[in-house]
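The primary structure of each chain is shown beneath.
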Amino acid sequence: MIPRAQKSPVSLEICHLAKAIDAIGDRWTLLILRGALFGVRRFDDFQKELGVPRTVLSGRLSKLVDRGILTKSSYKEDGNRARTEYVLSEAGEALRPVFMALTQWGDEWVSDGAPPPISFTHAKSRQKVRPAFVDENGRETAMRDTRVSLRR
């Protein structure tokens, strides 16, 4: 158990976790990223799936593009004008294990016993996979053996 503290050891101004939360931490942004991780790319598709107000969606997509999490790409369907779709950047793809861990947390803690609607498996062996802490040599490290170090 972590001992009680009166404040976090790192100020919000320099905390990278706080910056990450600021970049992606609101409900609509997280749901947009969830959709993007499943392959949703077009404004109208995001809007239909989420039921988010168009102005809110526009703002969140712009923020994700500005932060380098999504990139804009043009597409044109026959007989229609060119439009924009939103594609995950390298930074956006790097969120995949974070969302995978959050999905598996939800399976365990907020599912009310319902079976998971999706699972994660190795492409060849089909064995279940899960996110884990791994040291520099590629060995899995148990949470109990992991410590947080502060730079001074």
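Remember, it's a predicted structure, so these values are computed and weren't measured experimentally. (Residues numbered from 1 in each chain as written. Predicted model: local features only at pLDDT ≥ 70, side-chain atom pairs only at ≥ 80, totals over all residues. Heavy atoms only, no water.)

A. Main features of the overall build of the protein chain. When helices and strands are counted, the protein chain shows six helices and four strands. Traced from its N-terminal end to its C-terminal end, the protein chain shows the element sequence α-α-α-α-β-β-α-α-β-β. Across its three principal axes, the protein chain shows a C-alpha extent of roughly 60 × 45 × 35 Å. Buried positions account for 20% of the 152 residues belonging to the protein chain. Counted over contacts in the protein chain with a minimum sequence separation of 6, partners at least 24 positions apart contribute 41%. As displayed, the protein chain offers around 12200 Å² of accessible surface, 53% of which is attributable to carbon and sulfur atoms. With 26 positive and 19 negative side-chain charges, the protein chain shows a separation of 2 Å between the mean positions of the two kinds. (Helix = DSSP H or I, 4+ residues; strand = E, 2+ residues; numbered from the N terminus. Buried < 20%, exposed > 50% of the residue type's maximum accessible area, 1.4 Å probe, protein only. Contact = heavy atoms within 4.5 Å. Areas by Shrake-Rupley, 256 points an atom, 1.4 Å probe, with all protein chains shown as cover. Lys, Arg positive; Asp, Glu negative; His and termini not counted. Charge placed at Lys NZ, Arg CZ, Asp CG, Glu CD.)

B. Quick peek at the packing of aromatic side chains. Counting across every chain of the model gives zero aromatic pairs. Across from the ring centre of W28, 5.1 Å away, lies the NZ or CZ of R27, which sits over that ring. Note that R42 overlies the ring of Y75, its terminal NZ or CZ placed 3.5 Å from the centroid. (Phe/Tyr/Trp six-rings, centres within 6.5 Å; stacked < 30°, edge-to-face > 60°. Lys NZ or Arg CZ within 6 Å of the ring centre and 35° of its normal.)

C. A look at the pattern of salt bridges. All chains considered together, the criterion is met by eleven salt bridges. Its salt-bridge partner being R60, residue D26 comes within 3.1 Å of it at the nearest N-O pair. Separated by 34 residues along the polypeptide, D26 in the loop between α1 (16-24) and α2 (27-37) and R60 in helix α4 (residues 54-66) bring together distant segments of the chain. E85 is the salt-bridge partner of R42, the closest N and O atoms lying 3.2 Å from each other. Within this pair, whereas R42 is found in the loop between α2 and α3 (43-50), its partner E85 is found in strand β2 (residues 83-88), the two being separated by 43 residues in sequence. (Salt bridge = Lys/Arg side-chain N within 4 Å of Asp/Glu carboxyl O.)

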